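# Commentary on secondary and tertiary structure
As a plain string of letters, each chain reads:
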Amino acid sequence: MEHKDEQGVFYRALLNKDAQFDGSIFFAIKTTGIFCRSICTARKPKRENVRYFDTAREAINAGFRPCKICAPLDYPDDIPPAYRDLMALVTADPPVRLQDWQIRGRGVEPETLRRWFKKRYGMTFQAFSRTSRLSKAFDAIRCGTKVVDAGLAAGFESLSGFGAAAKKISGTGPTGAAEAGVLLVSRFETPLGTMVAGDWNGRLCLLEFADRRALEREVADLERLLKVPSRPGHTDLHAMAEKQISEYFKRERKLFDIPLETPGSDFQKSVWKILMAIPYGETRSYRDQAAALGRPQAVRAVANANGQNRMSIIIPCHRVIGADGSLTGYGGGLPRKKSLLELESGQNFL
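Summary of the structure given here. Everything numeric here is computed off the predicted structure, so don't read it as measured data.

### Let's talk about the packing of aromatic side chains
On inspection of all chains with the given rule, the structure shows 10 aromatic pairs. Measuring from ring centre to ring centre gives 5.7 Å for Phe27 and Tyr52, while their planes differ by 80°; the resulting arrangement is edge-to-face. Of this pair, Phe27 sits in strand β2 (residues 26-29) while Tyr52 sits in strand β4 (residues 50-53), and the two are 25 residues apart along the sequence. The same class applies to Phe27 and to Tyr52, which are both buried. When the centroid spacing of 5.4 Å and the interplanar angle of 80° are considered together, the rings of Tyr248 and Phe249 count as edge-to-face. The pair Tyr248 / Phe249 is uniform in exposure class, with both members buried. In this structure an aromatic cluster arises from ring pairing among Phe10, Phe21, Phe27 and Tyr52. One cation-aromatic arrangement involves Arg336 over Phe209; the distance from NZ or CZ to the ring centre is 4.1 Å.

### Re the sheet that holds strand β5 (residues 65-66)
Pairing in this open sheet of 5 strands is mixed, and the strands run β1-β4-β2-β3-β5 from one edge to the other. The sheet is open, and its two borders are formed by β1 (2-3) and β5, each paired with just one other strand. Alignment of β1 against β4, held across 2 bridges, turns out to be antiparallel. Bridged to His3 within β4 is Tyr52.

### Some words on the nonpolar core
Side chains of a nonpolar character, in soluble globular proteins, are inclined to be buried together. Counting residues in each nonpolar core, the largest one holds 33 residues, and the members touching the most others are Leu204, Leu207, Ile245, Tyr248, Phe249, Ile313 and Ile314. Every element with two or more residues in this core is listed here: β7 (193-200), β8 (203-209), α11 (236-249), α12 (266-276), α13 (286-292), α14 (299-307) and α15 (334-345). Top contributing element to this core by residue count: α11, with 5 residues. Residues within four places of Ile314 in sequence aside, it is in contact with Leu204, Leu207, Ile245, Phe256, Ile258, Leu260 and Met276. Phe26, Phe53, Leu86 and Phe117 belong to the second largest nonpolar core, which has 24 residues in total.

### A closer look at the side chain of Ser129
Mapping Ser129 onto the fold places it in helix α6 (residues 125-142). Aside from chain neighbours lying at most four places away, what touches Ser129 is Val90 and Val96.

### Considering the environment of Ile29
Assignment of secondary structure puts Ile29 in strand β2. Here Ile29 falls in the buried class, since its relative accessible area comes to 6%. Sequence separation of Ile29 and Arg47 is 18 residues, and the distance between their C-alpha atoms is 9.3 Å. Those residues in contact with Ile29 that lie beyond four places of it in its chain are Ile34, Cys36, Pro45, Asn49, Val50 and Phe64.

### Some details on a nonpolar patch on the surface
Judged by side-chain polarity, Val148, Leu152 and Leu159 come together as a nonpolar surface patch covering roughly 250 Å² of accessible area. Turning to its location among the elements, Val148 is positioned in helix α7 (residues 147-153). Taking the relative accessible area as the measure of exposure, Val148 reaches 36% and is therefore partly exposed.

### Describing the pairing of β4
What you see with β4 is no split at all: Val50 and Tyr52 on one side and Arg51 and Phe53 on the other are buried throughout. Looking at chain direction, β2 and β4 are connected through 4 bridges and run antiparallel. When the sheet's bridge partners are listed, Ala28 is paired in β4 with Arg51.

### Remarks on the pattern of salt bridges
Scanning all chains against the criterion turns up 15 salt bridges. Residues Glu261 and Arg203 are paired through a salt bridge, measuring 3.2 Å at the closest nitrogen-oxygen approach. You can see Glu261 sitting in the loop between α11 and α12 and its partner Arg203 sitting in strand β8, a full 58 residues away along the chain. Glu261 gets classed as partly exposed once you look at its relative accessible area, which sits at 22%. Relative accessible area serves as the criterion here: at 33%, Arg203 is assigned to the partly exposed category. Note that Arg212 and Glu208 form a salt bridge whose closest N and O atoms lie 3.2 Å from each other. For the pair Arg212 and Glu208, one class covers both residues: buried. Sharing partners across several salt bridges, the network here consists of Lys243, Glu247, Arg253 and Asp257.

Quick notes on the rules
Residues numbered from 1 in each chain as written. Predicted model: local features only at pLDDT ≥ 70, side-chain atom pairs only at ≥ 80, totals over all residues. Heavy atoms only, no water. Phe/Tyr/Trp six-rings, centres within 6.5 Å; stacked < 30°, edge-to-face > 60°. Helix = DSSP H or I, 4+ residues; strand = E, 2+ residues; numbered from the N terminus. Buried < 20%, exposed > 50% of the residue type's maximum accessible area, 1.4 Å probe, protein only. Lys NZ or Arg CZ within 6 Å of the ring centre and 35° of its normal. Pairing = 2+ DSSP bridges. Core = buried A, V, L, I, M, F, W, Y, C linked by side-chain atoms within 4.5 Å. Contact = heavy atoms within 4.5 Å. Patch = residues over 30% accessible without salt bridge, like charges linked within 9 Å, V, L, I, M, F, W, Y side chains within 5 Å. Areas by Shrake-Rupley, 256 points an atom, 1.4 Å probe, with all protein chains shown as cover. Salt bridge = Lys/Arg side-chain N within 4 Å of Asp/Glu carboxyl O.

Keep in mind these values describe shape, not function.
Right, dumping it as C-alpha cells:
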C-alpha cells in the first residue's frame, strides 16, 4: 500500500535516519528512480519528490530500483551470499535472465529460492527478475530505443514474450506501459527558481515551481486522475517546455504552443480557459473572471479553481489580482507573482 504523508511524519523519519521506520516504510525518490530505507545516508531529497510504500515489492512494481547505499532489499536479515549474487546478476546493466538450470548450477535449488523470495518480498525470484528487466526495458524505450531492441537487451527472447510480460504487470503493451502508463517528471531552472514539469503521453500536465507547498498533492491528484504512477524522466516535451519558458523569461515569447492535458471538473476547465484568455501584460480580478463565465456570484468558486491550476505561467493565474488592485494569493508565492507581472509589464523583475 502507498501512503500519503500529510503531517510529514515519514519524511522527518527519512531526514533523521530514524531506525524505528526501518523495514516498515520504504521511501521511493522520484528524481532518482530508487527506493531506500529510513536509515539511508544518501543525500536527502525534497519532500515533494518522495513516495512511501509498505513493502519493497510495491516500490519495485512502481518502477523504482533498490538503493545501493542502504540496500533496502537486505532488511531485516542478511541475504544468503548465493542469493545476493543471483540478485546482482538480474539487476545488472544489462540484466541477466536466469533459468532454473542456471540457478541450480550456482548451488541454489530454484524452489527453495522461490519460497524464500515469496516469504521475504511477497514475490517470487523470477517475478523480481522479470520486473527488474521490464523496468530497464521501459527506461530504454522512453529514451528512444526501439521496442524490439529494448526487449531483447533486457533478456526477453521475443517481442511477443516481452509484450506478454509488459501486459501482465501493467495491463498494456510495452510502448503503452513505457509512455502512456507513466507520468514522467523532470526539473529545470528559471530566473525565479526551479520548475517541475510533467509529461503524460506527450502532453504537459504539470508545470509548477518546485517549492510550491501543494506540489506533492498535485502530483498525487494527477496520478489518481490519469490512473498512472509518476517517476523521473526527461522527454522531448520537457525540452520544449524548458525552451519556451526560457524564451518567456527573456521576453521573447508571449504565447505558448505546448500540447496540454488538464484533467479536472468542467467548472475548473472553464475557469482555466478564461485564465488563458487574459492577454499578456494585463490583469483581471476574480470578479472579472466570474462575470466572463456568466456566473457573477461565483467569485469564491472561481478563486478556488484558480488555486487548483497545475500549469503555472502557461495558464496565467498570476494575472489575477484583487478587485482593489492588490496582489492576492499565488501558489508560487507573492514575490514571484509580483516578478511575473513586472516581467510582462516591461519592468526589471529580478
